[in-house]
Amino acid sequence: SLLYYNHAWCAASLSQTINQVAASRQKHTLPDLPYDYGALEPHINAEIMQLHHSKHHATYVNNLNVTEEKYKEALAKGDVSAQVALQPALKFNGGGHINHSIFWTNLSPNGGGEPQGELMEAIKRDFGSFQKMQEKMSATAVAVQGSGWGWLGYEKESGRLRIVACANQDPLQGTTGLIPLLGIDVWEHAYYLQYKNVRPDYIKAIWNIINWENVSERLQTAKK
Ligand SMILES: [Fe+2]
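These numbers were taken from a predicted model, which means no experiment stands behind them.

Participant: Explain the packing of helix H5 (residues 117–127) against helix H6 (residues 130–142) to me, please; I cannot follow it from the model alone.
Facilitator: Think of two packed helices as two axes; the pair is described by the angle between the axes and how far apart they sit. At a minimum axis separation of 8 Å, H5 and H6 run at an interaxial angle of 70°. Judged by the inter-axis angle, H5 sits roughly perpendicular to H6. Of the residues in H6, those touching H5 at Met120, Ile123 and Phe127 are Phe130, Lys132, Met133 and Lys136. Classifying every residue of the contact of H5 with H6 gives five nonpolar, no polar and two charged.

Participant: Got a minute to help me understand the coordination of the iron ion in this structure?
Facilitator: Coordination angles at a metal have ideal targets, namely 109.5 degrees for four tetrahedral donors and 90 or 180 degrees for six octahedral donors. The coordination sphere of the iron ion contains the protein donors His52 (NE2), His100 (NE2), Asp185 (OD) and His189 (NE2), at a distance range of 1.9 to 2.1 Å. Spacing between the donor residues of the iron ion along their common chain follows H-x47-H-x84-D-x3-H. On the criterion of sequence distance, the pair formed by histidine 100 in helix H4 (residues 87–106) and aspartate 185 in strand S3 (residues 179–185) is long-range, its members being 85 residues apart. By relative accessible area, aspartate 185 is classed as buried at 0%.

Participant: Before we go on, may I ask you to explain the packing of aromatic side chains in this structure?
Facilitator: Note on aromatic pairs: each is described by the distance of the centres and the angle between the planes. Within this structure, the stated rule accounts for nine aromatic pairs. Seen in terms of ring centroids, tyrosine 191 and tyrosine 202 are 5.0 Å apart; in terms of plane orientation they differ by 20°. Their pairing is stacked. Linking tyrosine 191 in the loop between S3 and helix H8 (192–195) with tyrosine 202 in helix H9 (residues 199–206), this pair joins segments that are 11 residues apart in sequence. Classification of tyrosine 191 by relative accessible area gives buried; the value is 3%. A residue is classified by how much of its surface remains accessible, and tyrosine 202, at 0% relative accessible area, is buried. The rings of Phe103, Trp104, Trp149 and Trp151 are connected pair by pair, giving a single aromatic cluster.

Thresholds applied
Residues numbered from 1 in each chain as written. Predicted model: local features only at pLDDT ≥ 70, side-chain atom pairs only at ≥ 80, totals over all residues. Heavy atoms only, no water. Axes fitted to C-alpha atoms, helices over the stretch in contact; angles between N-to-C directions. Helix = DSSP H or I, 4+ residues; strand = E, 2+ residues; numbered from the N terminus. Parallel < 35°, antiparallel > 145°, perpendicular 65-115°, else oblique. Contact = heavy atoms within 4.5 Å. Nonpolar A, V, L, I, M, F, W, Y, C, P; charged D, E, K, R; others polar. Donors = N, O, S within 2.8 Å, 3.2 Å for Na, K, Ca; no water. Buried < 20%, exposed > 50% of the residue type's maximum accessible area, 1.4 Å probe, protein only. Phe/Tyr/Trp six-rings, centres within 6.5 Å; stacked < 30°, edge-to-face > 60°.

All quantities given are derived from atomic positions and should not be read as evidence of function.
See below:
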C-alpha cells in the first residue's frame, strides 16, 4: 500500500541520515594550511612543509579515523581489553592530529618579532623577559631526546604560562592538563631535509615565523 511504501521510505531515509551523521561525526579531516607550502621560506622550505602536511599529518588523520572505528566496535562489543589495547594508537594518532593542527596556525609568513599586550605581559611576569622565555623554550625543545615537542602552555589553576617538553605525539592538554598556546615540532621530519641534524638552527629560525596573534588568541580562549 501507499502507507507501507511511505513508512519504508521514511525508515530508509532516516537510517541513511543517521549513518551520515555518525560518519560525519567520526571522520577527522586534514585541515588546509593557511598559507602556501613555500610561504615560510627561507626558514622552513617548501619540500618539508609539503611532506610534513600532506604525508605526515595526513597519516595521523587516517590512522586516527581507523583507530576510532576499531574503538567504536570494541565499545559496541563491550570488549574492554580491545579498548585498552587501542589506547596507544589513539594517543599517538590523536595527538599527532591535535599537535599539527595547532602547529600550522602557530606559524605565519608574516610572523616573528615579539607578542603584544596581555601575552607579552604574562611572558614578562612568568619568565622575566621575552628573551628569557625564548631561551628557555629553545633549550627545552633542543633537549627533547628523540622525537617530541616543546610547548608554551597555560596552566588554568595558577593562571601562569609554563614551558614543557612532550615525548612523541603526546598531546599537551591530554597528558599534562596545560592548554597549548605555542608548539615547536622537533621531530626530524620537521627539519631534517633542510637543517640535517642541527636542530638548534631550525629552532633559531622558527622564531622568525611565529604567529604571535594566533598565540595571543589561544591565550584569550584558554582564560575563558
Ligand atoms: Fe610533525
